[in-house]
Amino acid sequence: MLDVAIIGGGPAALSAAVNCRQRNKSVCIFGRSLDSSLLFAAEKVDNYLGLPDIGGEEMLNRFYAHAVKNGVEFKECRIKQILSMGEHYMINADNEFIEAKTIILAMGLSKSKGIPGEMEYLGKGVSYCATCDGMLYRGKKVAVIGENEEGEAEANFLADLCREVIYIPLYQPVVNLKETVMVKEGKPKAVCGEDGRVVALELDGEELACDGIFFAKNSTPPESLLFGLQTDGKNILVDRNMATNLPGVYAAGDCTGAPYQIAKAVGEGLVAALSAATEIDRREREKK
Ligand SMILES: Cc1cc2nc3c(=O)[nH]c(=O)nc-3n(C[C@H](O)[C@H](O)[C@H](O)COP(=O)(O)OP(=O)(O)OC[C@H]3O[C@@H](n4cnc5c(N)ncnc54)[C@H](O)[C@@H]3O)c2cc1C
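Residues numbered from 1 in each chain as written. Predicted model: local features only at pLDDT ≥ 70, side-chain atom pairs only at ≥ 80, totals over all residues.

Chemist: For this particular structure, what's the right way to read the site of the ligand?
Modeler: In the vicinity of the ligand lie 31 residues, with Gly10, Ser36, Ala42, Gly108 and Gly253 positioned nearest. Put simply, the parts of the chain that give the shell around the ligand at least two residues each are β1 (2–8), α1 (11–22), β2 (27–31) and α6 (262–287). A breakdown of the residues in the shell around the ligand according to their chemical character gives 17 nonpolar, 11 polar and 3 charged. (Near = placed C-beta within 6 Å. Helix = DSSP H or I, 4+ residues; strand = E, 2+ residues; numbered from the N terminus. Nonpolar A, V, L, I, M, F, W, Y, C, P; charged D, E, K, R; others polar.)

In structure tokens form, the structure reads like this:
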């Protein structure tokens with residue numbers, strides 16, 4: 001079992017990882033490609049102490065090299081679900097299940113706006129992961145809203161389980177859908193529910209009756225990753241130790257709110273790592 005699993009891949013995640021290794025903890029970063037970090041897009045960074053006039057890509061490569069040199073593992077994937085197992089957590093990394101004692105969330109700024117009803121019906125018909133929740137919709141009718149091609153894989157997976165799958169692409173072109181999946185164009189407006197369950201998706205002016213709605217987004221809302229995680233709008237709520245409301249779960253960087261700056265992300269990554277290490281050591285002492 002890993003000591004610390006870090007979800008992200010930008011400065012906050014890399015700083016947290018280096019500092020976990022300094023405390024001799026095993027650590028793996030579960031992140032998307034380095035070029036998905038906001039820092040990659042920065043042509044020039046001039047306000048990071050000691051490294052004036054540096055390009056964002058070069059800075060990120062240096063952070064990454066530092067982490068690898070310190071023995072940090074990196075698994076390139078998008079995490080869609082983390083399950084609490086009581087004393088520890090289980091991470092679903094592209095259907096490989098990895099256990100970790102503590103979690104550091106460093107997913108950057110959430111760009112996901114969501115539609116009315118989406119969060120209200122999360123876990124009551126709304127899902128962000130077909131492989132995690134698909135079985136609950138066996139023989140039922142579902143809609144899949146895809147912001148990118150990953151939505152096609154989700155719809156194809158559900159097509160083998162569900163009575164009917166309707167795919168609503170928010171991009172073009174759609175390239176790889178099974179014949180049994182029906183494509184419908186339109187802009188999703190709201191998730192509609194009755195008696196605490198999803199009953200339909202409002203699509204432009206029309207109500208599309210369905211039992212479940214799966215979202216494949218470019219950016220996953222943090223509260224959909226980890227059930228019960230407290231947020232304030234799009235920011236994860238943390239205390240001064242970067243601890244969230246969930247035991248053993250910490251957050252760092254842009255995902256905790258403004259200012260959206262590298263120095264803050266790196267500093268918060270350090271604090272989150274120290275807090276995670278301290279918590280692991282405390283539990284070890286208690287066991288003895
Ligand atoms: C054009 C531009 C210029 C900037 N210039 C400056 C500057 O000069 N000075 C400064 O201080 N700041 C600057 N910034 C801001 C700075 O880049 C960010 O504050 C910083 O990158 C935040 O780091 P982070 O690690 O919190 O998030 P990010 O760097 O955004 O990294 C988050 C990572 O997590 C990954 N991720 C998200 N969800 C998941 C998931 N579910 N599973 C796996 N991985 C996931 C993302 O793909 C991404 O790789 C600039 C930003 C931009 C866009």
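Chemist: Explanation requested: the packing of α1 against helix α2 (residues 56–69) in the structure shown.
Modeler: For any two helices packed against each other, the geometry is given by the interaxial angle and the distance between the axes. Where α1 meets α2, the closest approach of the two axes is 9 Å, and the angle between their N-to-C directions is 25°. With respect to each other, α1 and α2 are oriented roughly parallel. α2 is crossed by α1, and the crossing has left-handed handedness. Within the contact between the two elements, α1 uses Pro11, Leu14, Ala17 and Val18 and α2 uses Phe63, Tyr64, His66 and Ala67. The class makeup of the residues in the contact of α1 with α2 is 7 nonpolar, 1 polar and no charged. (Axes fitted to C-alpha atoms, helices over the stretch in contact; angles between N-to-C directions. Parallel < 35°, antiparallel > 145°, perpendicular 65-115°, else oblique. Left-handed = near helix turned anticlockwise from the far one by under 90°. Contact = placed C-beta atoms within 7 Å.)

Chemist: Can you help me understand the sheet that holds strand β7 (residues 126–127) in this one?
Modeler: Strand pairing in a sheet is mediated by backbone hydrogen bonds. Such pairs are either parallel or antiparallel. Ordered by their spatial adjacency, 5 strands build an open sheet running β7-β14-β8-β9-β10, and the pairing between neighbours is parallel. Of all strands in the sheet, those bounded by a partner on one side alone are β7 and β10 (181–183). In terms of strand pairing, strand β8 (residues 141–146) meets strand β14 (residues 212–216) through 5 bridges, oriented parallel. Residue pairing across strands places Val144 opposite Phe214, the latter belonging to β14. Against the sheet, helix α4 (residues 150–159) touches β8, β9 (164–169), β10 and β14, its axis set at about 165° to β8. (Pairing = 2+ DSSP bridges.)

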